[in-house]
Amino acid sequence: MPPPQDAPTPDDRSALLAPYACRPQHSRGRLYAEAESPGRSAFQRDRDRVVHSTAFRRLQYKTQVFVFHEGDHYRTRLTHSLEVAQIARSVARRLGGHEDLAEALALAHDLGHTPFGHAGESALNEAMADHGGFDHNGQTLRILTLLERRYAAFDGLNLTWETLEGVVKHNGPLIDRAGGDTSGLAYAIAAYAARHDLQLHTHAGLEAQIAALADDIAYNNHDLDDGLRAGLFSVADLAELPLADAAVAEVVERYPDLEAGRLVHETVRRLINRMVADMIDESRRRLQELAPQSPDAIRQAARPVVAFSGEMTDAVQSVRRFLFARMYRHPVVTERTDVARQVVRDLFEALNSDPTRLPNEWAALTDGAASTEQARLVADYIAGMTDRFAFREHERFFPDRRPAGRWDA
């Protein structure tokens, strides 16, 4: 028998949500009013729009640390985003948050990244120094609210206020509580906030805070995994990290003859489990102390409610320092990041000096544009490139200028 036509949206799960969870039926809505889907909640629809976006598909060929073609098993921005979403959903369920909103935020959080990861972002920020700079978080907002051009009625994806707020503020308030100086805001965030108030002086909701810490857990542990598999450092080197060393010892004691690949995976999964467990315990402690009865009580709190304990915070910082020294600054990696910066710098110079070299639809947008507006459009175009497309365009524009250092895998 088919379900009745007036069946309720299969989202609500109100009985499973804490009073401080964001609820789609209480959303502050979308910038452009739309009739909501009868079969999906507002947050499910946000998630689906992100997944179907062009920017999301491009993450498959954007660097996490290694350039996309260097190995089929290394993380890309897409696989990283999926891993963050898995952690975020799990934690949201444990803390009484809305899983679909946490997932939407996790899947959207890296959309604004340039090709070649942070190396590409750094080069593009330098190129845009006289035009407001470049920031991947602000670029994510620009993609979600302007650059995705799929719908007839509006630019962007027209996501809910809660999703846009979470994307922008997942790392905390961006201006002081008095709503004062906004000069330090990323260009795209400042421009959008002028027409749609995202309450930049408050924390984000619970689900965005969960997605932010899930991101930290995912990239730290999976960069350890990728670095070990790439041979940039060894399992023995993890003795520098008490948390990781204890995980290795536990695996070796239980499985003394385990081959290297399984040893790495068993170690990394234990690290993820311990970080997630600590995150849940500390967040529950803070929630009990604050006793919030609404999402706004989370936003107005004096500090984040989702956090690691002090001990785990120190352990995570140790992992970051280890990765900077042993992976991000490893000669094999820095050789590629130097190439990446040169590629992005060259592309910006070529396209900004002669915007007719842009595809026709992009070149038309620059016609009559002021210098800063033109530069922003060029940055939008470059930021949307995948690693392989950026390489290909560089070779097309500069056939005799192969970047110094290793180019091919």
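Owing to the predicted nature of the structure, the values given are computational and were not obtained by experimental measurement.

Participant: Give a detailed account of the overall build of the protein chain, specifying residues and quantitative values.
Facilitator: On a plain count of helices and strands, the protein chain comes out with 17 helices and 0 strands. Scaling as 2.2 N^0.38, a compact globule of 409 residues should have a C-alpha radius of gyration of about 22 Å, and the protein chain matches this with 22 Å. For the C-alpha atoms alone, the extent of the protein chain along its principal axes is close to 60 × 60 × 55 Å. Split into buried and exposed, the 409 residues of the protein chain put 54% on the buried side.

Participant: Provide a residue-level description of the packing of helix 5 (residues 117-127) against helix 14 (residues 331-353), including the pertinent values.
Facilitator: Put simply, helix 5 and helix 14 touch, their axes get as near as 8 Å, and they point 35 degrees apart. By crossing handedness, the relation of helix 5 to helix 14 is classed as right-handed. The segment helix 5 lies against helix 14, with A119, G120, S122, A123, L124, E126 and A127 engaging T337, A340, R341, V344, R345 and F348. Of the residues assigned to the contact of helix 5 with helix 14, the class counts are 7 nonpolar, 3 polar and 3 charged.

Participant: Any chance you could break down the confidence of the model for the protein chain for me, citing the residues and the numbers?
Facilitator: Looking at the protein chain as a whole, its pLDDT mean stands at 91, while 91% of the residues score no less than 70. Scored below 50 in pLDDT, residues 1-8 makes 0 contacts in the model with residues more than four places away or belonging to other chains. Predicted confidence is poor over residues 405-409, with pLDDT under 50, and the contacts of this stretch with residues over four places away or in other chains come to 16 contacts.

Participant: Can you break down the nonpolar core residue by residue, with the values?
Facilitator: Counting residues in each nonpolar core, the largest one holds 78 residues, and the members touching the most others are V50, L111, L144, I210, F233 and L238. Core analysis: the next-biggest nonpolar cluster, separate from the first, contains 29 residues, A123, M128, W362 and F391 among them.

Participant: Tell me about helix 6 (residues 136-147), and name the residues and values.
Facilitator: If you check helix 6, its first and last C-alpha atoms are just 14 Å apart, much less than what 12 residues at 1.5 Å a residue would give, namely 16 Å. In terms of residue burial, helix 6 counts as a mostly covered element, since 11 of its 12 residues are buried. Here helix 6 has its buried residues at H136, N137, G138, Q139, T140, L141, R142, I143, L144, T145 and L147. With a side-chain oxygen lying 3.1 Å from the backbone nitrogen of N137, the N-terminal cap of helix 6 falls on D135.

Participant: Lay out the pattern of salt bridges in plain terms, naming residues and giving numbers.
Facilitator: Summed over the entire model, instances satisfying the criterion amount to 33 salt bridges. We note a salt bridge from R28 to D296, for which the minimum N-O separation is 2.7 Å. One end of the pair, R28, is in the segment before helix 1 (42-51); the other, D296, is in helix 12 (residues 295-299), with 268 residues separating them in the sequence. D110 serves as the salt-bridge partner of R77, at 3.0 Å between the closest nitrogen and oxygen. You can see R77 sitting in helix 3 (residues 77-95) and its partner D110 sitting in the loop between helix 4 (99-108) and helix 5, a full 33 residues away along the chain. According to the relative accessible area criterion, D110 is buried, its value standing at 3%. Residues joined in a network through salt bridges with shared partners are R40, R47, D48, R89, R93, E99, D100 and E103.

Participant: Describe the environment of F308, naming the residues involved and giving the relevant values.
Facilitator: Mapped onto the secondary structure, F308 falls in the loop between helix 12 and helix 13 (310-328). On the accessibility criterion, F308 (9% relative accessible area) is buried. Sequence-wise, F308 and L213 are 95 residues apart; in three dimensions their C-alpha atoms are separated by 8.5 Å.

Participant: I'd love a proper account of the side chain of N137, names of residues and values included.
Facilitator: In this structure, N137 sits in helix 6. Polar contacts involving the side chain of N137 include one to the main-chain carbonyl oxygen of V168, which spans 3.2 Å. Among residues more than four places away in sequence, those in contact with N137 are V167, V168, H170 and I189.

Participant: So what's going on with the packing of helix 14 against helix 17 (residues 387-397)? Residues and values would help.
Facilitator: Their axes nearest at 10 Å, the elements helix 14 and helix 17 cross at an angle of 55 degrees. Taken together, the axes of helix 14 and helix 17 lie oblique to each other. Helix-helix and strand crossings are classified by hand; for helix 14 and helix 17 the assignment is left-handed. On helix 17, the residues that touch V339, Q342, V343, D346, L347, A350 and L351 of helix 14 are A390, F391, E393, H394 and F397. A breakdown of the residues in the contact of helix 14 with helix 17 according to their chemical character gives 8 nonpolar, 2 polar and 2 charged.

Participant: Help me get a handle on the packing of aromatic side chains, residues and values and all.
Facilitator: Under the defined criterion, the tally for this structure stands at 6 aromatic pairs. Here a set of aromatic residues connected by ring pairs shows up, and it is made of Y32, Y151 and F154. In this structure, R28 packs its charged tip against the face of W161, placed 4.1 Å from the ring centre. Between the NZ or CZ atom of R357 and the centre of the ring of F397, over which it lies, the distance is 4.4 Å.

Rules behind the numbers
- Residues numbered from 1 in each chain as written.
- Predicted model: local features only at pLDDT ≥ 70, side-chain atom pairs only at ≥ 80, totals over all residues.
- Heavy atoms only, no water.
- Helix = DSSP H or I, 4+ residues; strand = E, 2+ residues; numbered from the N terminus.
- Rg over C-alpha atoms; globule rule 2.2 N^0.38 Å.
- Buried < 20%, exposed > 50% of the residue type's maximum accessible area, 1.4 Å probe, protein only.
- Axes fitted to C-alpha atoms, helices over the stretch in contact; angles between N-to-C directions.
- Left-handed = near helix turned anticlockwise from the far one by under 90°.
- Contact = heavy atoms within 4.5 Å.
- Nonpolar A, V, L, I, M, F, W, Y, C, P; charged D, E, K, R; others polar.
- pLDDT = per-residue confidence, 0-100.
- Core = buried A, V, L, I, M, F, W, Y, C linked by side-chain atoms within 4.5 Å.
- Expected span 1.5 Å × (residues − 1).
- Polar contact = N/O pair within 3.5 Å; in protein donor to acceptor, adjacent residues only side chain to side chain.
- Salt bridge = Lys/Arg side-chain N within 4 Å of Asp/Glu carboxyl O.
- Parallel < 35°, antiparallel > 145°, perpendicular 65-115°, else oblique.
- Phe/Tyr/Trp six-rings, centres within 6.5 Å; stacked < 30°, edge-to-face > 60°.
- Lys NZ or Arg CZ within 6 Å of the ring centre and 35° of its normal.

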